[in-house]
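# Understanding the architecture of this molecule
Listed here are the chains, written in short residue letters.
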Amino acid sequence: MTLKNSIIKHSVQSILFISAWMARKESLNTVTEMFMSSIARAIIKSKKIREAHNLEDLGKQWQRGFPSSKQVPIKKITTDTVYAEIHTPCPLRDTGDIHACYRMMQFDREVVKKAGGQFIVLSSQATLGNTFCQVAMRRKGMSISDLTPAHKQPNNSQSGA
């Protein structure tokens, strides 16, 4: 691993640990949202993330927000939805704290919003036994009523905190 890759990997892990700690504290909800949004805005600017031209491009713009697209593979694109996974190890893994996951995913929502879309976590690493997150993206203005976010699923109603 090159020095640059090592620095990127450790920086990402540090940000994830800090944001997970904040996201698990209900009293820091606003701070967590602001922190994740500010990181997203910095990434949007530095990686020149722009409005997507189509669904495939929406997925690619989201992937650009990460150090490696291998960690966030696009799994399927239908007529209205991009389905992807997040394999980056999360500090919330197996905690059961789906609501903290939702707060941390503010980063992804901001990036996808900039690209002209909506971002939904379908299943989270925070759920016991999950080793990756499953996510969906749709163009802005499209209905997402058929997609149930992980934090609103009945079996994920516990806070874990």
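Summary of the structure given here. (Residues numbered from 1 in each chain as written. Predicted model: local features only at pLDDT ≥ 70, side-chain atom pairs only at ≥ 80, totals over all residues. Heavy atoms only, no water.)

## Observations regarding the pattern of salt bridges
Tallying each qualifying case throughout the model produces 6 salt bridges. For Glu 56, the salt bridge is made with Lys 60, and the minimal N-O distance between the two is 4.0 Å. Separated by 4 residues within a single helix, Glu 56 and Lys 60 lie in helix H3 (residues 55–63), roughly one turn from each other. Among the ionic contacts, a cluster of salt bridges with common partners joins Asp 80, Arg 138 and Asp 146. (Salt bridge = Lys/Arg side-chain N within 4 Å of Asp/Glu carboxyl O. Helix = DSSP H or I, 4+ residues; strand = E, 2+ residues; numbered from the N terminus.)

## A look at the sheet that holds strand S1 (residues 74–77)
Hydrogen bonds between backbone groups are what pair the strands of a sheet, and the pairing can be parallel or antiparallel. Taken together, 4 strands build an open sheet; the order of strands is S1-S2-S4-S3 and the sheet is antiparallel. Each edge of the sheet is formed by a strand with only one pairing partner; in this case those strands are S1 and strand S3 (117–123). Shown here is a sheet whose adjacent strand axes are inclined to one another by a mean of 25 degrees, direction ignored. By the bridge criterion, 5 bridges tie strand S2 (residues 82–86) to strand S4 (residues 133–139) in an arrangement that is antiparallel. Of the residues in S4, the one forming a bridge with Glu 85 is Gln 134. (Pairing = 2+ DSSP bridges. Axes fitted to C-alpha atoms, helices over the stretch in contact; angles between N-to-C directions.)

## Remarks on the side chain of Arg 138
Mapping Arg 138 onto the fold places it in strand S4. A polar contact of 2.7 Å, which involves the side chain of Arg 138, links it to the side chain of Asp 146. Setting aside its immediate chain neighbours within four residues, Arg 138 contacts Leu 58, Asp 80, Thr 81, Gly 117, Gln 118, Ser 143, Ile 144, Asp 146 and Leu 147. (Polar contact = N/O pair within 3.5 Å; in protein donor to acceptor, adjacent residues only side chain to side chain. Contact = heavy atoms within 4.5 Å.)

## Some words on the nonpolar core
One finds Trp 62, Ile 86, Leu 92, Phe 119, Val 135 and Met 137 to be the most contacted residues of the largest nonpolar core, which totals 35 residues. Looking at this core, the elements with two or more residues in it are helix H1 (3–23), helix H2 (29–46), H3, S2, helix H4 (98–104), helix H5 (106–114), S3 and S4. Setting aside its immediate chain neighbours within four residues, Ile 86 contacts Trp 62, Gln 71, Val 72, Met 105, Asp 108, Phe 119, Gln 125, Phe 132, Cys 133 and Val 135. (Core = buried A, V, L, I, M, F, W, Y, C linked by side-chain atoms within 4.5 Å. Buried < 20%, exposed > 50% of the residue type's maximum accessible area, 1.4 Å probe, protein only.)

## Some points on the layout of surface pockets
The space that makes up the largest pocket amounts to roughly 830 Å³. Considering the residues around the largest pocket, the lining is formed by 29 residues, among which Val 12, Leu 16, Phe 66, Pro 67 and Thr 88 are closest to the centre. Top contributing element to the lining of the largest pocket by residue count: H1, with 8 residues. Tallied by class, the residues present in the lining of the largest pocket amount to 18 nonpolar, 8 polar and 3 charged. As a volume, the second largest pocket reaches approximately 310 Å³. Lining of the second largest pocket is provided by 18 residues; of these, Tyr 102, Arg 109, Gln 118, Phe 119 and Ile 120 occupy positions nearest its centre. Those elements that place two or more of their residues in the lining of the second largest pocket are H4, H5 and S3. Grouping the amino acids of the lining of the second largest pocket by side-chain chemistry returns 10 nonpolar, 4 polar and 4 charged. (1 Å grid on protein atoms, 1.4 Å probe; cavity = no way out; pocket = protein on both sides within 12 Å on 5 of 7 lines; lining within 4 Å. Points joined across faces, edges and corners; volume = space filled by probe spheres on them. Nonpolar A, V, L, I, M, F, W, Y, C, P; charged D, E, K, R; others polar.)

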